[in-house]
Amino acid sequence: MAQNSWTKQTFKLNTGAQIPAVGLGTWQSKPNQVREAVKVALQKGYRHIDTALAYGNEHEVGQGIKDSGVPREEIWITTKLDNPWHKRVEEGIESSLKSLGVDYVDLYLMHWPSSTDPDDLKKHYPDWDFRDTWAEMQKLPASGRVKNIGVSNFGIKNLEKLFADERFKTMPAVNQIELHPNNPSPKLLDYCKEKGIHCTAYSCLGSTDSPLAKDKTLKELAEKKGLSTAQVLLLWGLQRGTSVIPKSVTPERIESNFELDGKSLSDEEMKALDSLPDRFKVCGDAWLPVKVFFGDDE
Ligand SMILES: NC(=O)c1ccc[n+]([C@@H]2O[C@H](COP(=O)([O-])OP(=O)(O)OC[C@H]3O[C@@H](n4cnc5c(N)ncnc54)[C@H](OP(=O)(O)O)[C@@H]3O)[C@@H](O)[C@H]2O)c1
(Lines give C-alpha, C1' and ligand atoms only; values in the text may rest on other atoms or scores of the structure.)
Protein backbone atom coordinates (compact mmCIF):
# COMPACT_ATOMS: atom_id res chain seq x y z
CA MET A 1 0.00 0.00 0.00
CA ALA A 2 1.31 3.47 -0.85
CA GLN A 3 2.41 5.64 2.04
CA ASN A 4 -0.45 7.17 4.02
CA SER A 5 -3.22 5.62 1.97
CA TRP A 6 -5.65 6.74 4.61
CA THR A 7 -8.72 6.08 2.50
CA LYS A 8 -7.74 2.43 2.06
CA GLN A 9 -6.46 1.98 5.59
CA THR A 10 -8.30 -0.03 8.21
CA PHE A 11 -7.74 -0.46 11.94
CA LYS A 12 -7.81 -4.00 13.31
CA LEU A 13 -10.28 -4.50 16.15
CA ASN A 14 -9.90 -6.95 19.04
CA THR A 15 -12.30 -9.27 17.16
CA GLY A 16 -9.99 -9.37 14.13
CA ALA A 17 -12.41 -7.23 12.07
CA GLN A 18 -11.00 -4.29 10.12
CA ILE A 19 -12.77 -0.94 10.49
CA PRO A 20 -12.09 1.54 7.65
CA ALA A 21 -10.14 4.51 8.99
CA VAL A 22 -12.34 7.19 7.36
CA GLY A 23 -16.14 7.10 7.47
CA LEU A 24 -19.08 9.39 6.86
CA GLY A 25 -20.95 10.74 9.91
CA THR A 26 -24.69 11.36 9.64
CA TRP A 27 -25.82 13.04 12.88
CA GLN A 28 -28.04 16.02 12.00
CA SER A 29 -28.03 14.97 8.35
CA LYS A 30 -31.65 15.45 7.45
CA PRO A 31 -33.49 12.52 5.90
CA ASN A 32 -33.94 14.42 2.61
CA GLN A 33 -30.19 15.16 2.41
CA VAL A 34 -28.59 12.06 3.83
CA ARG A 35 -29.65 9.68 1.07
CA GLU A 36 -27.68 11.70 -1.49
CA ALA A 37 -24.78 12.31 0.93
CA VAL A 38 -24.33 8.58 1.53
CA LYS A 39 -24.51 7.85 -2.19
CA VAL A 40 -21.95 10.57 -3.03
CA ALA A 41 -19.63 9.34 -0.28
CA LEU A 42 -19.75 5.68 -1.32
CA GLN A 43 -19.25 6.58 -4.97
CA LYS A 44 -16.23 8.68 -3.96
CA GLY A 45 -14.74 5.65 -2.21
CA TYR A 46 -15.88 5.87 1.44
CA ARG A 47 -16.53 2.38 2.83
CA HIS A 48 -17.70 3.26 6.33
CA ILE A 49 -21.00 4.88 7.29
CA ASP A 50 -21.92 5.91 10.84
CA THR A 51 -25.56 6.28 11.82
CA ALA A 52 -27.82 5.69 14.84
CA LEU A 53 -31.42 4.94 15.64
CA ALA A 54 -31.50 8.30 17.46
CA TYR A 55 -30.57 10.20 14.27
CA GLY A 56 -33.94 9.28 12.72
CA ASN A 57 -32.33 8.74 9.32
CA GLU A 58 -31.44 5.05 9.14
CA HIS A 59 -34.03 4.41 6.42
CA GLU A 60 -32.56 7.09 4.13
CA VAL A 61 -29.00 5.99 4.94
CA GLY A 62 -30.04 2.53 3.76
CA GLN A 63 -31.52 3.99 0.58
CA GLY A 64 -28.30 5.91 -0.11
CA ILE A 65 -26.34 2.68 0.30
CA LYS A 66 -28.56 0.96 -2.27
CA ASP A 67 -28.45 3.94 -4.68
CA SER A 68 -24.64 3.88 -4.61
CA GLY A 69 -24.44 0.48 -6.26
CA VAL A 70 -21.59 -0.48 -3.92
CA PRO A 71 -22.07 -4.08 -2.72
CA ARG A 72 -23.22 -4.34 0.91
CA GLU A 73 -20.30 -6.56 1.90
CA GLU A 74 -17.80 -3.84 0.91
CA ILE A 75 -19.35 -1.35 3.35
CA TRP A 76 -18.83 -1.00 7.09
CA ILE A 77 -22.08 0.08 8.74
CA THR A 78 -22.17 1.27 12.34
CA THR A 79 -25.41 2.00 14.13
CA LYS A 80 -26.32 2.53 17.78
CA LEU A 81 -28.80 1.47 20.44
CA ASP A 82 -30.75 4.50 21.64
CA ASN A 83 -30.92 5.33 25.37
CA PRO A 84 -34.66 4.68 25.86
CA TRP A 85 -34.20 1.25 24.23
CA HIS A 86 -31.79 -0.23 26.78
CA LYS A 87 -34.34 -2.74 28.07
CA ARG A 88 -35.24 -3.62 24.46
CA VAL A 89 -31.92 -4.54 22.84
CA GLU A 90 -33.52 -7.17 20.62
CA GLU A 91 -36.21 -4.73 19.41
CA GLY A 92 -33.56 -2.01 18.96
CA ILE A 93 -31.36 -4.03 16.63
CA GLU A 94 -34.35 -5.37 14.71
CA SER A 95 -35.65 -1.81 14.23
CA SER A 96 -32.25 -0.62 12.93
CA LEU A 97 -31.82 -3.57 10.55
CA LYS A 98 -35.30 -3.06 9.17
CA SER A 99 -34.82 0.70 8.70
CA LEU A 100 -31.42 0.26 7.07
CA GLY A 101 -32.71 -2.56 4.87
CA VAL A 102 -29.77 -4.84 5.69
CA ASP A 103 -29.52 -8.18 7.44
CA TYR A 104 -26.47 -7.34 9.57
CA VAL A 105 -24.49 -4.37 10.82
CA ASP A 106 -20.73 -4.38 11.20
CA LEU A 107 -20.76 -2.54 14.51
CA TYR A 108 -23.51 -2.02 17.06
CA LEU A 109 -22.76 0.53 19.76
CA MET A 110 -24.44 1.40 23.01
CA HIS A 111 -24.95 5.08 22.18
CA TRP A 112 -24.64 6.42 25.76
CA PRO A 113 -24.21 4.83 29.18
CA SER A 114 -27.69 6.03 30.09
CA SER A 115 -30.64 3.65 30.48
CA THR A 116 -33.34 6.26 30.03
CA ASP A 117 -36.97 5.51 30.90
CA PRO A 118 -38.88 5.80 27.59
CA ASP A 119 -41.97 7.03 29.48
CA ASP A 120 -40.06 9.96 30.97
CA LEU A 121 -36.82 10.93 29.22
CA LYS A 122 -35.73 12.87 32.32
CA LYS A 123 -35.63 9.65 34.36
CA HIS A 124 -33.06 6.88 34.52
CA TYR A 125 -34.45 3.39 35.20
CA PRO A 126 -34.13 2.61 38.92
CA ASP A 127 -33.63 -1.12 38.21
CA TRP A 128 -31.43 -1.18 35.09
CA ASP A 129 -28.17 0.38 33.96
CA PHE A 130 -25.61 0.05 31.15
CA ARG A 131 -24.18 -3.15 32.68
CA ASP A 132 -27.55 -4.85 32.17
CA THR A 133 -27.68 -3.48 28.63
CA TRP A 134 -24.20 -4.81 27.86
CA ALA A 135 -25.15 -8.24 29.23
CA GLU A 136 -27.90 -8.26 26.58
CA MET A 137 -25.71 -6.83 23.81
CA GLN A 138 -23.11 -9.56 24.38
CA LYS A 139 -25.64 -12.07 23.04
CA LEU A 140 -25.98 -10.36 19.66
CA PRO A 141 -22.88 -11.44 17.67
CA ALA A 142 -23.89 -15.13 17.97
CA SER A 143 -26.96 -14.39 15.84
CA GLY A 144 -24.86 -13.02 12.94
CA ARG A 145 -26.94 -9.83 12.78
CA VAL A 146 -24.20 -7.84 14.52
CA LYS A 147 -20.55 -8.50 13.68
CA ASN A 148 -18.98 -6.44 16.46
CA ILE A 149 -20.27 -4.71 19.58
CA GLY A 150 -18.97 -1.61 21.25
CA VAL A 151 -19.77 1.39 23.37
CA SER A 152 -19.86 5.13 22.93
CA ASN A 153 -19.38 8.04 25.32
CA PHE A 154 -17.74 5.83 27.94
CA GLY A 155 -15.10 7.47 30.11
CA ILE A 156 -12.65 5.51 32.27
CA LYS A 157 -14.97 5.41 35.28
CA ASN A 158 -17.85 3.77 33.44
CA LEU A 159 -15.54 1.39 31.57
CA GLU A 160 -14.13 0.21 34.91
CA LYS A 161 -17.66 -0.23 36.25
CA LEU A 162 -18.54 -2.29 33.16
CA PHE A 163 -15.46 -4.53 33.48
CA ALA A 164 -16.22 -5.16 37.17
CA ASP A 165 -19.67 -6.58 36.40
CA GLU A 166 -19.84 -10.32 37.02
CA ARG A 167 -21.65 -10.86 33.71
CA PHE A 168 -19.01 -8.97 31.71
CA LYS A 169 -17.53 -11.27 29.04
CA THR A 170 -16.92 -9.37 25.80
CA MET A 171 -14.48 -6.48 25.67
CA PRO A 172 -16.02 -3.69 23.58
CA ALA A 173 -14.37 -3.62 20.13
CA VAL A 174 -14.78 0.15 19.88
CA ASN A 175 -15.41 3.17 22.09
CA GLN A 176 -16.77 6.00 19.94
CA ILE A 177 -15.94 9.25 21.70
CA GLU A 178 -15.66 12.97 21.07
CA LEU A 179 -12.13 13.73 19.92
CA HIS A 180 -10.73 16.90 18.34
CA PRO A 181 -7.91 19.23 19.38
CA ASN A 182 -10.18 21.00 21.88
CA ASN A 183 -11.05 17.65 23.49
CA PRO A 184 -8.03 15.41 22.88
CA SER A 185 -8.60 13.01 25.86
CA PRO A 186 -5.10 11.47 25.87
CA LYS A 187 -5.71 9.60 29.13
CA LEU A 188 -8.85 7.90 27.85
CA LEU A 189 -7.14 7.03 24.54
CA ASP A 190 -4.24 5.41 26.40
CA TYR A 191 -6.61 3.54 28.68
CA CYS A 192 -8.60 2.15 25.74
CA LYS A 193 -5.43 1.18 23.91
CA GLU A 194 -4.21 -0.73 26.94
CA LYS A 195 -7.53 -2.64 27.02
CA GLY A 196 -7.44 -3.33 23.26
CA ILE A 197 -10.38 -1.04 22.49
CA HIS A 198 -10.19 0.95 19.26
CA CYS A 199 -11.41 4.55 19.50
CA THR A 200 -13.43 6.26 16.78
CA ALA A 201 -13.31 10.05 16.89
CA TYR A 202 -16.69 11.73 16.66
CA SER A 203 -17.20 15.46 16.14
CA CYS A 204 -13.70 15.20 14.70
CA LEU A 205 -14.10 18.57 12.95
CA GLY A 206 -15.51 20.20 16.09
CA SER A 207 -19.12 19.62 14.94
CA THR A 208 -21.70 22.10 13.62
CA ASP A 209 -20.43 25.73 13.58
CA SER A 210 -17.11 24.46 14.84
CA PRO A 211 -15.08 27.05 16.76
CA LEU A 212 -12.01 25.21 15.42
CA ALA A 213 -12.75 26.62 11.96
CA LYS A 214 -11.59 30.01 13.30
CA ASP A 215 -8.59 28.78 15.23
CA LYS A 216 -5.49 30.74 14.20
CA THR A 217 -2.95 27.93 14.67
CA LEU A 218 -5.08 25.52 12.65
CA LYS A 219 -5.78 28.06 9.89
CA GLU A 220 -2.13 28.97 9.49
CA LEU A 221 -1.09 25.35 9.46
CA ALA A 222 -3.70 24.47 6.83
CA GLU A 223 -2.68 27.43 4.64
CA LYS A 224 1.01 26.55 4.89
CA LYS A 225 0.31 22.98 3.82
CA GLY A 226 -2.23 23.82 1.12
CA LEU A 227 -4.89 21.75 2.90
CA SER A 228 -8.35 22.58 4.20
CA THR A 229 -8.70 22.95 7.97
CA ALA A 230 -10.97 19.88 7.88
CA GLN A 231 -8.26 17.81 6.17
CA VAL A 232 -5.74 18.87 8.82
CA LEU A 233 -8.13 17.86 11.61
CA LEU A 234 -8.77 14.49 9.97
CA LEU A 235 -5.03 13.83 9.59
CA TRP A 236 -4.55 14.75 13.25
CA GLY A 237 -7.18 12.16 14.23
CA LEU A 238 -5.84 9.45 11.93
CA GLN A 239 -2.25 9.92 13.03
CA ARG A 240 -3.37 9.37 16.64
CA GLY A 241 -4.62 5.92 15.61
CA THR A 242 -8.32 6.75 15.71
CA SER A 243 -10.83 6.25 12.93
CA VAL A 244 -12.61 9.48 11.94
CA ILE A 245 -16.21 9.97 10.80
CA PRO A 246 -16.61 13.53 9.49
CA LYS A 247 -20.22 14.48 8.78
CA SER A 248 -21.21 16.48 5.75
CA VAL A 249 -24.21 16.75 3.46
CA THR A 250 -22.30 18.98 1.03
CA PRO A 251 -20.94 16.95 -1.91
CA GLU A 252 -17.75 19.06 -2.35
CA ARG A 253 -16.94 18.71 1.36
CA ILE A 254 -17.72 14.98 1.39
CA GLU A 255 -15.24 14.65 -1.46
CA SER A 256 -12.48 16.90 -0.11
CA ASN A 257 -12.70 15.27 3.34
CA PHE A 258 -11.71 12.03 1.58
CA GLU A 259 -8.75 13.53 -0.26
CA LEU A 260 -6.18 12.58 2.35
CA ASP A 261 -3.92 10.04 0.68
CA GLY A 262 -0.23 10.90 0.66
CA LYS A 263 -0.85 13.67 3.20
CA SER A 264 0.47 13.81 6.73
CA LEU A 265 1.39 16.10 9.60
CA SER A 266 4.90 16.27 11.06
CA ASP A 267 5.50 15.60 14.77
CA GLU A 268 5.86 19.32 15.25
CA GLU A 269 2.55 20.03 13.51
CA MET A 270 0.82 17.35 15.58
CA LYS A 271 2.25 18.90 18.72
CA ALA A 272 1.05 22.39 17.73
CA LEU A 273 -2.51 21.02 17.47
CA ASP A 274 -2.14 19.04 20.69
CA SER A 275 -1.33 22.25 22.48
CA LEU A 276 -4.33 24.42 21.54
CA PRO A 277 -5.28 26.10 24.80
CA ASP A 278 -9.10 25.82 24.61
CA ARG A 279 -10.81 22.77 26.04
CA PHE A 280 -14.49 22.01 25.46
CA LYS A 281 -16.87 19.21 24.61
CA VAL A 282 -19.57 19.59 21.96
CA CYS A 283 -21.60 16.70 23.38
CA GLY A 284 -21.98 17.04 27.13
CA ASP A 285 -24.23 15.06 29.45
CA ALA A 286 -26.54 17.81 30.78
CA TRP A 287 -29.43 16.57 28.62
CA LEU A 288 -29.24 13.05 30.09
CA PRO A 289 -30.95 11.84 33.28
CA VAL A 290 -27.59 10.64 34.58
CA LYS A 291 -24.10 12.09 34.64
CA VAL A 292 -21.72 10.17 32.35
CA PHE A 293 -18.64 12.39 32.22
CA PHE A 294 -16.62 12.92 35.39
CA GLY A 295 -13.86 15.24 34.18
CA ASP A 296 -10.30 14.55 32.95
CA ASP A 297 -11.35 11.59 30.75
CA GLU A 298 -13.01 9.88 33.70
N1 LIG B 1 -21.58 8.62 19.46
C2 LIG B 1 -22.04 9.82 19.65
O3 LIG B 1 -22.63 10.15 20.69
C4 LIG B 1 -21.84 10.85 18.59
C5 LIG B 1 -21.98 12.20 18.90
C6 LIG B 1 -21.75 13.14 17.88
C7 LIG B 1 -21.40 12.70 16.63
N8 LIG B 1 -21.32 11.35 16.34
C9 LIG B 1 -20.98 10.86 14.98
O10 LIG B 1 -19.83 11.55 14.52
C11 LIG B 1 -20.14 12.24 13.31
C12 LIG B 1 -19.32 13.50 13.19
O13 LIG B 1 -19.58 14.40 14.24
P14 LIG B 1 -20.46 15.73 14.08
O15 LIG B 1 -21.56 15.50 13.13
O16 LIG B 1 -20.80 16.16 15.46
O17 LIG B 1 -19.49 16.80 13.52
P18 LIG B 1 -18.22 16.98 12.55
O19 LIG B 1 -18.11 15.88 11.60
O20 LIG B 1 -17.10 17.29 13.45
O21 LIG B 1 -18.64 18.32 11.83
C22 LIG B 1 -19.76 18.40 11.00
C23 LIG B 1 -19.92 19.86 10.55
O24 LIG B 1 -18.80 20.26 9.78
C25 LIG B 1 -19.22 20.72 8.52
N26 LIG B 1 -18.18 20.29 7.55
C27 LIG B 1 -17.91 19.04 7.10
N28 LIG B 1 -16.87 19.06 6.26
C29 LIG B 1 -16.46 20.33 6.16
C30 LIG B 1 -15.44 20.98 5.42
N31 LIG B 1 -14.63 20.30 4.62
N32 LIG B 1 -15.30 22.34 5.55
C33 LIG B 1 -16.13 23.02 6.37
N34 LIG B 1 -17.11 22.47 7.10
C35 LIG B 1 -17.28 21.13 7.00
C36 LIG B 1 -20.56 20.07 8.28
O37 LIG B 1 -21.36 20.87 7.42
P38 LIG B 1 -22.28 20.35 6.19
O39 LIG B 1 -22.88 19.03 6.58
O40 LIG B 1 -23.29 21.42 6.07
O41 LIG B 1 -21.38 20.24 5.00
C42 LIG B 1 -21.14 20.06 9.68
O43 LIG B 1 -21.70 21.30 10.02
C44 LIG B 1 -21.65 12.45 13.44
O45 LIG B 1 -22.24 12.85 12.24
C46 LIG B 1 -22.08 11.13 13.97
O47 LIG B 1 -22.13 10.16 12.94
C48 LIG B 1 -21.51 10.43 17.32
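The model shown is predicted, which means the values in this text are computed figures rather than measured ones. (Residues numbered from 1 in each chain as written. Predicted model: local features only at pLDDT ≥ 70, side-chain atom pairs only at ≥ 80, totals over all residues.)

1. As for the packing of helix H4 (residues 130-137) against helix H5 (residues 156-163)
Between H4 and H5, whose axes approach to 10 Å, the crossing angle comes to 60°. Looking at the two axes, H4 sits oblique to H5. H4 and H5 meet at a crossing whose hand is right-handed. For the pair formed by H4 and H5, the contact residues are Phe130, Arg131 and Trp134 on the first element and Asn158, Lys161 and Leu162 on the second. Residue classes in the contact of H4 with H5 are distributed as 3 nonpolar, 1 polar and 2 charged. (Axes fitted to C-alpha atoms, helices over the stretch in contact; angles between N-to-C directions. Helix = DSSP H or I, 4+ residues; strand = E, 2+ residues; numbered from the N terminus. Parallel < 35°, antiparallel > 145°, perpendicular 65-115°, else oblique. Left-handed = near helix turned anticlockwise from the far one by under 90°. Contact = placed C-beta atoms within 7 Å. Nonpolar A, V, L, I, M, F, W, Y, C, P; charged D, E, K, R; others polar.)

2. Some details on the site of the ligand
In the vicinity of the ligand lie 29 residues, with Gly25, Tyr202, Leu205, Ala230 and Lys247 positioned nearest. In the shell around the ligand, the residues fall into 9 nonpolar, 17 polar and 3 charged. (Near = placed C-beta within 6 Å.)

3. Regarding unusual backbone geometry
In this structure, Ser185 is a non-glycine residue whose phi angle is positive, near 45°. Relative to the helices and strands, Ser185 is located in the loop between strand E8 (174-178) and helix H6 (186-195).

4. Some thoughts on the UniProt feature "binding site: substrate" (unreviewed entry) in the protein chain
As recorded in UniProt, the feature "binding site: substrate" (unreviewed entry) lies at His111. By the secondary structure assignment, His111 is in the loop between strand E6 (105-110) and H4. Beyond its immediate sequence surroundings of up to four residues, His111 is in contact with Ala52, Ala54, Lys80, Leu81, Asp82, Asn83 and Ser152. (UniProt positions renumbered as here; feature names shortened; annotations may be inferred.)

5. Quick look at H6
Listed as buried for H6 are Leu188, Leu189 and Cys192. The arc that holds every buried residue of H6, seen down its axis, measures 100°, which confines them to one face. Exposed side chains of H6 directed beyond 90 degrees from the buried face belong to Pro186, Asp190, Lys193 and Glu194. Those residues of H6 hidden inside the fold are in contact with H5, E8 and strand E9 (198-202). Gly196 occupies a position one or two residues after H6 and carries a positive phi of about 80°. (Buried ≥ 20, exposed ≤ 12 C-beta atoms within 10 Å, placed from the backbone. Arc of directions from axis to C-beta.)

6. Regarding the environment of Thr229
Residue placement: Thr229 occurs in helix H8 (residues 229-239). Taking the C-alpha atoms as reference points, Thr229 and Val151, separated by 78 residues in sequence, lie 29 Å from one another. Beyond its immediate sequence surroundings of up to four residues, Thr229 is in contact with Ala213, Leu218, Lys219 and Ala222.

7. Quick look at the pairing of strand E5 (residues 76-81)
Along E5, 6 of the 6 residues are buried, which leaves the element largely enclosed by surrounding structure. Here 3 bridges tie strand E4 (residues 48-50) to E5, and the two strands are oriented parallel to one another. Looking at E5, one finds that Asp50 is bridged to Thr78. Note on the crossover from E4 through helix H2 (residues 58-68) to E5: the handedness is right-handed. Strand direction decides the pairing type here: E5 and E6, joined by 4 bridges, are parallel. Looking at the pairing, Thr78 lines up with Leu107 of E6. Remark: the E5/helix H3 (residues 89-100)/E6 crossover connection has right-handed handedness. (Pairing = 2+ DSSP bridges. Right-handed = clockwise from strand over helix to strand, strands pointing away.)

8. Things to note about the pairing of strand E7 (residues 146-152)
Burial analysis of E7 places 6 of its 7 residues in the buried class, which makes it a mostly covered element. Across 5 bridges, E6 lies against E7 in parallel orientation. Note on E7: the bridge partner recorded for Leu109 is Gly150. Tracing the backbone out of E6, into H4 and back to the parallel element E7 gives a crossover that is right-handed. In this structure, E7 lies alongside E8, joined through 2 bridges in parallel fashion. Paired with Val151 across the bridge in E8 is Asn175.

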